[in-house]
Amino acid sequence: MNCYKFENHISEYIDGELKMGVRKGFVTHKLDCILCKEKLEGIIAIVKEMPNIARIQTSGDFLNKLHQKIESYENRSPLKMGRIFGFDYASAVGLAAAMVLVVSASYLLVTEDSVPIVDLDKISTRNGHMTQEPQITVSNPNSYIADQDSSDKNNEENQFNMPIRLVGGSK
Amino acid sequence: MSDFDISDEVLIKQFQNGDVRSFNHIVLRYKDRLIHFVHGFVHDIDKAEDLVQDTFMKLYTHKDSYREIAKFSTWLYTIAGNLARTELRKLKRRKTYSVSSLSRDDREFIIQGTDDGPSEIESSENIQRRIKTALSNLPTNFRTMIILRDLQELSYDEISKIMDVPLGTVKSRINRGRLKLQELLTKKGDRL
């Protein structure tokens with residue numbers, strides 16, 4: 001065993017945790033190496049002295065202060081609701097309010113009576129396909145065209161004659 | 001059977017059943033051990049006491065969280081260690097130092113000079129003060145391990161659970177901490 005390995009096993013030796021297979025080499029090196037032996041003895045002396053060093057202690061009124069904190073904790077809420085289904089009072093109320101909001105929103109969105117159903121397919125012109133050709137007539141197309149020249153007139157007229165329908169209402 | 005003969009597990013069980021006296025016994029049993037442990041992190045006696053108070057508050061408010069899967073002392077030390085580590089992170093961010101960083105009985109403590117000759121016989125009190133100073137100069141990781149092992153006399157296994165590090169790491173840090181202590185205390189051939 002070399003000095004490096006000896007050093008790594010010092011605490012295990014002191015604490016009685018050194019494995020048998022390593023112990024023999026450790027003890028042999030201790031006998032052979034004065035520096036390592038002194039190092040080991042120095043650490044043993046420190047460990048023996050440790051329990052005697054002045055310990056830090058709590059203040060004399062530690063228990064009184066703790067009980068005052070406990071009393072403040074116990075009296076913090078006049079309602080003293082404690083816990084509701086594992087949640088504290090504030091969290092339980094917030095959770096209940098959130099659930100009411102979600103339920104109300106779901107009810108408003110899915111009902112057929114209160115909101116007209118909008119059929120997006122029927123009003124979509126993305127594919128140029130119209131399911132029906134609703135009619136819309138304009139009494140005086142020219143009144144909507146103030147400054148256009150005659151070359152655009154046909155296109156404008158076609159646009160006014162283009163069928164447009166808003167689909168809605170109950171089925 | 002006196003109260004001091006009752007095991008921790010029995011005391012916590014009684015407290016869980018509503019016996020506040022058992023809580024007081026637990027506090028008296030552990031308050032000084034915990035403050036020593038926590039002081040190893042924060043180096044401030046007043047802060048350490050606050051953290052120990054917080055530890056017992058957590059015990060009081062979360063007493064039903066303890067299950068007999070682990071030793072009660074391990075559970076309690078873990079709470080204290082977590083609070084201490086959180087506080088240490090805050091302190092490092094703030095990088096402030098407190099006058100109360102010295103322990104109560106050391107506020108007038110003067111560190112011995114190094115001109116003591118090797119032939120001078122040191123009093124036991126002087127040796128203990130030097131060990132205490134050297135301990136405070138260790139890195140936190142080593143210091144807390146040494147405190148738990150050599151002062152609190154906890155097993156390697158308990159320390160591993162409290163500090164949430166592998167057993168090998170516990171052994172390594174204790175060994176390196178002791179070597180470092182020995183190095184700090186041995187100067188120019190002086191021996192302890």
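Conventions used here
- Residues numbered from 1 in each chain as written.
- Chains lettered and ligands numbered in written order.
- Predicted model: local features only at pLDDT ≥ 70, side-chain atom pairs only at ≥ 80, totals over all residues.
- Heavy atoms only, no water.
- Helix = DSSP H or I, 4+ residues; strand = E, 2+ residues; numbered from the N terminus.
- Buried < 20%, exposed > 50% of the residue type's maximum accessible area, 1.4 Å probe, protein only.
- Contact = heavy atoms within 4.5 Å.
- Areas by Shrake-Rupley, 256 points an atom, 1.4 Å probe, with all protein chains shown as cover.
- Polar contact = N/O pair within 3.5 Å; in protein donor to acceptor, adjacent residues only side chain to side chain.
- Phe/Tyr/Trp six-rings, centres within 6.5 Å; stacked < 30°, edge-to-face > 60°.
- Lys NZ or Arg CZ within 6 Å of the ring centre and 35° of its normal.
- pLDDT = per-residue confidence, 0-100.
- Salt bridge = Lys/Arg side-chain N within 4 Å of Asp/Glu carboxyl O.
- Disulfide = S-S within 2.5 Å.

1. Section: the overall build of chain B
Okay, step 1: Check the secondary structure of chain B and you find eight helices and zero strands.
Okay, step 2: Counting from the amino terminus, chain B carries its helices and strands in the arrangement α-α-α-α-α-α-α-α.
Okay, step 3: Looking at chain B as a whole, 46% of its 192 residues qualify as buried.
Okay, step 4: Of the contacts made within chain B by residues no fewer than 6 positions apart, 65% connect residues no fewer than 24 positions apart.
Okay, step 5: When the accessible surface of chain B is split by element, carbon and sulfur atoms take 50% of a total near 10,200 Å².

2. Section: unusual backbone geometry
Most peptide bonds adopt trans geometry, and most residues besides glycine take a negative phi value.
Residue and element names in this part refer to chain B.
Okay, step 1: Unusually for a residue other than glycine, Glu153 sits at a positive phi of about 60°.
Okay, step 2: Topologically, Glu153 is positioned in the loop between α6 (140–151) and α7 (156–163).
Okay, step 3: One non-glycine residue, Asp164, lies in the positive phi region at around 55°.
Okay, step 4: If you trace the backbone, Asp164 turns up in the loop between α7 and α8 (167–185).

3. Re the side chain of Asp15 of chain A
Okay, step 1: Here Asp15 of chain A shows up in the loop between α2 (10–14) and α3 (20–32).
Okay, step 2: Residue Asp15 of chain A is classed as buried on the basis of its relative accessible area, which comes to 17%.
Okay, step 3: Only 3.4 Å separates the side chain of Asp15 of chain A from the side chain of Arg149 of chain B, close enough to count as a polar contact.
Okay, step 4: Look past the residues within four positions of Asp15 of chain A in its chain and what remains in contact with it is Arg149, Tyr156 and Arg178 of chain B.

4. A word on the packing of aromatic side chains
All names here are of chain B.
Okay, step 1: Taken as a whole and judged by the stated rule, the model has 13 aromatic pairs over all chains.
Okay, step 2: The interplanar angle of 85° and the centroid separation of 5.6 Å between the aromatic rings of Tyr66 and Phe72 together place this pair among those described as edge-to-face.
Okay, step 3: The exposure class of Tyr66 is buried, given its relative accessible area of 4%.
Okay, step 4: Ring geometry for Phe72 versus Trp75: centroids 5.9 Å apart, planes at 45°, classification tilted. Residue Phe72 and its partner Trp75 are both found in helix α4 (residues 72–94); the two are separated by three residues, about one turn of the helix. You'll find Phe72 and Trp75 in the same group, each marked buried.
Okay, step 5: Linked through ring pairs, Tyr30, Phe37, Phe41, Tyr66, Phe72, Trp75 and Tyr77 together constitute an aromatic cluster.
Okay, step 6: In this arrangement the basic side chain of Arg33 is found over the ring face of Tyr30, its NZ or CZ atom lying 4.5 Å from the centre.
Okay, step 7: Lys63 extends its terminal NZ or CZ atom over the ring of Phe15, reaching a point 5.4 Å from the ring centre.

5. Some details on the confidence of the model for chain A
Okay, step 1: Considering every residue of chain A, the mean pLDDT works out to 74; 56% of them sit at 70 or more.
Okay, step 2: Contacts from residues 144–150 of chain A, a stretch scored under 50 in pLDDT, to residues over four places away or in other chains number five contacts.

6. A few points about the pattern of salt bridges
Okay, step 1: The tally for this structure, following the rule as stated, stands at 14 salt bridges over all chains.
Okay, step 2: Of the charged contacts in the structure, one is a salt bridge between Lys65 of chain A and Asp61 of chain A, with a shortest N-O distance of 3.9 Å.
Okay, step 3: Judged by relative accessible area, Lys65 of chain A falls into the partly exposed class, the value being 35%.
Okay, step 4: Here Asp157 of chain B ties to Lys161 of chain B by a salt bridge, and the two come within 3.4 Å at their closest N and O atoms. Of this pair, Asp157 of chain B and Lys161 of chain B both sit in helix α7, four residues apart, which is roughly one turn of the helix.
Okay, step 5: On the basis of relative accessibility, which here comes to 48%, the residue Lys161 of chain B falls in the partly exposed class.
Okay, step 6: The network of salt bridges with common partners includes Asp15 of chain A together with Arg149, Asp150 and Arg178 of chain B.

7. Focus: the state of the cysteines
In protein structure, a disulfide is the covalent linkage between the sulfur atoms of two cysteines.
All names here are of chain A.
Okay, step 1: Scanning the model with the defined rule gives zero disulfides over all chains in all.
Okay, step 2: Left unpaired, Cys3 is separated from the closest cysteine sulfur, that of Cys36, by 3.6 Å.
Okay, step 3: Classification of Cys3 as partly exposed rests on a relative accessible area of 38%.
Okay, step 4: Unpaired in this structure, Cys36 has its nearest cysteine sulfur neighbour in Cys33, at a distance of 3.5 Å.

8. Some details on the side chain of Lys31 of chain B
Okay, step 1: Among the secondary structure elements, Lys31 of chain B is positioned in helix α2 (residues 20–42).
Okay, step 2: Residue classification places Lys31 of chain B among the buried positions, given a relative accessible area of 14%.
Okay, step 3: A distance of 2.9 Å separates the side chain of Lys31 of chain B from the side chain of Thr58 of chain A, its partner in a polar contact.
Okay, step 4: When residues no more than four places from it in sequence are discounted, the contact partners of Lys31 of chain B are Thr58 and Phe62 of chain A together with Val52 and Phe56 of chain B.

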